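If you want the building blocks of each chain, they are given just below.
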Amino acid sequence: MKAIVKFVSLFLFLAFFIYESSILYANSIPFQLGSILIVIMACRIRFGFIKLMHDLRLFLPFIITMLCVYVIMGLLGVRVDKMRSDSVLMYWLTYGLTRTSLFINTMFVMQLLLSYISINDILSLPMKILRKRYLLLGRALFVHSVKYIVELEFHLKLMPEYQSKRLSFRQWLRFKLQLSLGIILMILRESKLKGELIDNRIKHCFIDIEEHN
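Residues numbered from 1 in each chain as written. Predicted model: local features only at pLDDT ≥ 70, side-chain atom pairs only at ≥ 80, totals over all residues. Heavy atoms only, no water.

A word on the packing of aromatic side chains
Right, so step 1: In this structure the tally under the stated criterion is 7 aromatic pairs.
Right, so step 2: On the numbers, 4.6 Å between centres and 25° between planes, the contact of Y25 with F31 is stacked.
Right, so step 3: Judged by its relative accessible area of 34%, Y25 falls in the partly exposed class.
Right, so step 4: The class for F31 is partly exposed, based on a relative accessible area of 24%.
Right, so step 5: These aromatic residues form a ring-pair network of at least three members: Y70, Y91, W92 and Y95.
Right, so step 6: Over the aromatic face of Y116 sits the side chain of R46, whose NZ or CZ is 3.9 Å from the ring centroid.
Right, so step 7: The cationic tip of K51 hangs over the ring face of F47; the distance from NZ or CZ to the ring centre is 5.0 Å. (Phe/Tyr/Trp six-rings, centres within 6.5 Å; stacked < 30°, edge-to-face > 60°. Buried < 20%, exposed > 50% of the residue type's maximum accessible area, 1.4 Å probe, protein only. Lys NZ or Arg CZ within 6 Å of the ring centre and 35° of its normal.)

As structure tokens, then:
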């Protein structure tokens, strides 16, 4: 019963956050920036300063890449039907700032909510274990990707072309694209391996019990 109350509470909070940040105030810069401050303070209390700085450093390349893309679109003069501002660059700067802020908020909120969900909470849910395996796999993949992305970045930097003190923009962009591709491949590989391990444990530890009952 305790696990159900926790899941329902976290789900309602997530639904409220998505409605506020992604629908109601999606284009409000003050709201998005204010949300970032609140979420970062909550993560500071929950995880500590060192973990917070590690996560900020982890997400920084993706944030810079997103902002660069929006600036380039503004400089190229790309226009959309709903554009009201006469300045194309100003529109894309505003749009990019709100979307990158939403990205930061979403990543930290998801990490914050997942930190309150343990394996025992998932196992305590009143549903069949075959349905619980998707929740177990999703939590395991998220924790794994956050934990080993720094190690992946370290191994990429061992390549000779990335060992110079100052990288050119082309090298930096190639490095970030390779890092993103590496994360995707790592998640795909781990989803297969961890999925097989979870299925194997379910087969030998739970199926016979459920069939017996």
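Observations concerning the pattern of salt bridges
Right, so step 1: The tally for this structure, following the rule as stated, stands at 3 salt bridges.
Right, so step 2: Of the charged contacts in the structure, one is a salt bridge between E161 and R174, with a shortest N-O distance of 3.1 Å. Taken together, the residues E161 in the loop between α6 (129-156) and α7 (169-205) and R174 in helix α7 connect sequence positions 13 residues apart.
Right, so step 3: Assessed through its relative accessible area of 28%, R174 is described here as partly exposed.
Right, so step 4: The closest approach of N and O atoms between E190 and K194, which form a salt bridge, is 3.7 Å. Residue E190 and its partner K194 are located together in helix α7, separated by 4 residues, close to a single helical turn.
Right, so step 5: Its relative accessible area of 9% is what places E190 among the buried residues.
Right, so step 6: Under the relative-accessibility criterion, K194 is labelled partly exposed at 23%.
Right, so step 7: Residues joined by salt bridges that share partners form a network here, namely R189, E190 and K194. (Salt bridge = Lys/Arg side-chain N within 4 Å of Asp/Glu carboxyl O. Helix = DSSP H or I, 4+ residues; strand = E, 2+ residues; numbered from the N terminus.)

With respect to the packing of helix α2 (residues 29-47) against helix α3 (residues 49-75)
Right, so step 1: Running from amino to carboxyl end, α2 crosses α3 at an angle of 130°, the nearest separation of the two axes being 7 Å. Judged by the inter-axis angle, α2 sits oblique to α3. Where α2 abuts α3, its residues I40, C43, R44 and F47 lie against F49, K51, L52 and L56.
Right, so step 2: Residues that form the contact of α2 with α3 fall into these classes: 6 nonpolar, no polar and 2 charged. (Axes fitted to C-alpha atoms, helices over the stretch in contact; angles between N-to-C directions. Parallel < 35°, antiparallel > 145°, perpendicular 65-115°, else oblique. Contact = heavy atoms within 4.5 Å. Nonpolar A, V, L, I, M, F, W, Y, C, P; charged D, E, K, R; others polar.)

Remarks on the nonpolar core
Right, so step 1: The biggest cluster of nonpolar side chains holds 30 residues, and the ones touching the most others in it are C43 and F108.
Right, so step 2: Of all the elements in the fold, those that place two or more residues in this core are α1 (2-24), α2, α3, α4 (88-114), α6 and α7.
Right, so step 3: The element that contributes the greatest number of residues to this core is α6, accounting for 8 residues.
Right, so step 4: Those residues within four positions of C43 in sequence are excluded, and the remaining contacts are G48, L52, F108 and L112. (Core = buried A, V, L, I, M, F, W, Y, C linked by side-chain atoms within 4.5 Å.)

Honestly, it's all geometry; don't read function into it.
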